[in-house]
Amino acid sequence: MSVHKNVKRVTTHTLQEMKNAGVKISMLTGYDFSMARIIDTAGIDVILVGDSASNVMAGHETTLPITLDEMIYHASSVVRGVNRALVVVDMPFGSYQGNSREALSSAIRIMKQSGAHAIKLEGGREVIESVTRILTAGIPVMGHLGLTPQSIYKFGTYTVRAKEDEEAQRLIEDAKLLEEAGCFAIVLEKIPADLAEEVAKSVSIPIIGIGAGNGVDGQVLVVHDMLGINNEFSPRFLRKYNNLYEEMMGSIQRYIEDVKSGDFPNENEQY
Ligand code: KIV
């Protein structure tokens, strides 16, 4: 599968082995070649080409506007930067809901044109026909339950999901349905930690959490958020590992000063 020698690629089977062995799975989003190269070289297990690209790359308020062509563009850029990690691509809003044939052809386009290794889609029972049909083509599918941002206009807010018993029960049932259908993993977004832990114990496939506590099999964050590039987003679940907004701002301001003062370029920086 890989043209790069001496690199043992992460596969969906690797993730299952990690869950079985109690080894936590690390996952971050990535949308472009340069960032993907850094994330992969750092040793991440999974890179998610998230439809959060709609927010952090394109500046849209929601994930709804991003298109299949745009997701394929981001995914193929990421794939070119990756030697080891499993690359999973979000199916964008409108490319799989309510029509399993269209879902299959969207998933095939992503796999064929980007070279990625798996797709992710949001929802449980309402998308199970699409999940099943995509799996018939041998395309690995990751599920996504809890806060599903493509349904933001149904939810009305980005607050914690499944706090009430009825929604929690439905979520557990959906996780089991996705496992039975053949999904290789499920993302749980912004749900109570106790519920996420219960789901991780109720299914045998890996559960990756975001804002879902520490009782799951792995964690995912949006890379721009954890690096502090986006300084306007600080939910409770986010740990910021840097403040790149400030660092980048400082570097760019110093560059502007150097250009304006004539300090840059100096004798060693010219031909
Ligand atoms: O699009 C995305 O970044 C995601 C993660 C938040 C899981 O789906």
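What counts, and where the lines are drawn
- Residues numbered from 1 in each chain as written.
- Predicted model: local features only at pLDDT ≥ 70, side-chain atom pairs only at ≥ 80, totals over all residues.
- Heavy atoms only, no water.
- Near = heavy atom within 4 Å.
- Polar contact = N/O pair within 3.5 Å; in protein donor to acceptor, adjacent residues only side chain to side chain.
- Areas by Shrake-Rupley, 256 points an atom, 1.4 Å probe, with all protein chains shown as cover.
- Nonpolar A, V, L, I, M, F, W, Y, C, P; charged D, E, K, R; others polar.
- Domains from an automatic or database assignment.
- Contact = heavy atoms within 4.5 Å.
- Buried area = accessible area lost by both parts, 1.4 Å probe.
- Patch = residues over 30% accessible without salt bridge, like charges linked within 9 Å, V, L, I, M, F, W, Y side chains within 5 Å.
- Salt bridge = Lys/Arg side-chain N within 4 Å of Asp/Glu carboxyl O.
- Helix = DSSP H or I, 4+ residues; strand = E, 2+ residues; numbered from the N terminus.
- Axes fitted to C-alpha atoms, helices over the stretch in contact; angles between N-to-C directions.
- Parallel < 35°, antiparallel > 145°, perpendicular 65-115°, else oblique.
- Left-handed = near helix turned anticlockwise from the far one by under 90°.
- Buried < 20%, exposed > 50% of the residue type's maximum accessible area, 1.4 Å probe, protein only.
- Pairing = 2+ DSSP bridges.
- Arc of directions from axis to C-beta.

### A word on the site of the ligand
- By nearness alone, every residue bordering the ligand is listed as Thr29, Leu48, Gly50, Asp51, Ser52, Asp90, Lys120, His144, Val187, Glu189, Ile210 and Val222.
- A distance of 3.0 Å separates an oxygen atom of the ligand from a polar atom in the side chain of aspartate 51.
- Between the ligand and lysine 120 there is a distance of 2.9 Å, counted from an oxygen atom to a side-chain nitrogen or oxygen.
- The fraction of the free accessible surface of the ligand (260 Å²) that becomes covered by protein chains is 95%.
- Its residues placed into classes, the shell around the ligand shows four nonpolar, four polar and four charged.

### Describing the domain arrangement of the protein
- Each assigned domain of the protein is listed with its residue range as follows: domain 1 (12-240) and domain 2 (243-271).
- Each of domain 1 and domain 2 was reduced to a C-alpha centroid, and the two centroids are 38 Å apart.
- Contacts between the two partners involve four residues from domain 1, matched on the other side by four residues from domain 2.
- Both faces considered, domain 1 and domain 2 share a buried interface measuring about 360 Å² in area, 61% of it formed by carbon and sulfur atoms.
- The tally of links between domain 1 and domain 2 comes to three residue pairs in polar contact (both at pLDDT 80 or more).
- Of the residues contributing to the side of domain 1 that touches domain 2, the split by class is two nonpolar, two polar and no charged.

### Describing a nonpolar patch on the surface
- A grouping of Met248, Ile252, Tyr255, Ile256, Val259 and Phe264 is seen on the molecular surface, where their side chains present a nonpolar patch of about 550 Å² in accessible area.
- Tracing the backbone shows phenylalanine 264 in the segment after α11 (244-261).

### Some remarks on the packing of helix α8 (residues 165-181) against helix α9 (residues 193-202)
- Relative to each other, α8 and α9 sit at 30°, their axes nearing to 10 Å. Here α9 runs roughly parallel to α8, going by the angle between their axes. For the element pair α8 and α9, the recorded crossing hand is right-handed. Residues Ala168, Leu171, Ile172, Ala175, Lys176 and Glu179 of α8 form the contact with α9, whose participating residues are Leu195, Glu198, Val199 and Ser202.
- Of the residues assigned to the contact of α8 with α9, the class counts are six nonpolar, one polar and three charged.

### Regarding the pattern of salt bridges
- A full pass over the atoms with the stated rule returns eight salt bridges.
- Ionic pairing is found between arginine 84 and aspartate 45, a salt bridge with its closest N-O pair at 3.4 Å. With a gap of 39 residues between them, arginine 84 in the loop between α4 (68-80) and β3 (86-90) and aspartate 45 in the loop between α2 (33-42) and β2 (46-49) connect regions that are remote in the sequence.
- Judged by relative accessible area, arginine 84 falls into the partly exposed class, the value being 26%.
- On the basis of relative accessible area, aspartate 45 is assigned to the buried category, the value being 7%.
- Salt-bridge contacts for arginine 161 lead to glutamate 167; the nearest nitrogen and oxygen are separated by 3.1 Å.
- Assessed through its relative accessible area of 14%, arginine 161 is described here as buried.
- Within the structure, one salt-bridge network assembled from shared partners comprises Arg125, Glu173 and Asp174.

### Here's the deal with unusual backbone geometry
- At the junction of phenylalanine 264 and proline 265, the peptide bond is cis and its omega measures out at -5° in the coordinates.
- Phi is positive for alanine 162, which is not a glycine, with a value near 55°.
- Residues other than glycine seldom take positive phi values, yet lysine 190 does so here, at roughly 50°.
- Relative to the helices and strands, lysine 190 is located in the loop between β6 (185-189) and α9.

### Considering the pairing of β2
- By the alternation rule, side chains of β2 split into Val46 and Leu48 and Ile47 and Val49, which are all buried.
- Judged from the three bridges that link them, strand β1 (residues 25-29) and β2 form a sheet pairing that is parallel. Within β2, the position partnered with leucine 28 by the bridge is isoleucine 47.
- Bridging between β2 and β3 involves four bridges; their strand directions are parallel. Pairing of valine 49 across the sheet is with valine 89, part of β3.

### A word on helix α6 (residues 128-136)
- For α6, every residue scored as buried is listed here: Ser130, Val131 and Ile134. Here the buried residues of α6 occupy an arc of 100° about the axis, which is enough to place them on one side. Relative to its buried face, α6 has exposed residues pointing more than 90 degrees away, namely Glu129 and Thr136.
- The inward-facing, buried residues of α6 contact α5 (100-114), β4 (118-120), β5 (141-146) and α8.
- Positioned one or two residues after α6, glycine 138 has a phi angle of 80°, which is positive.

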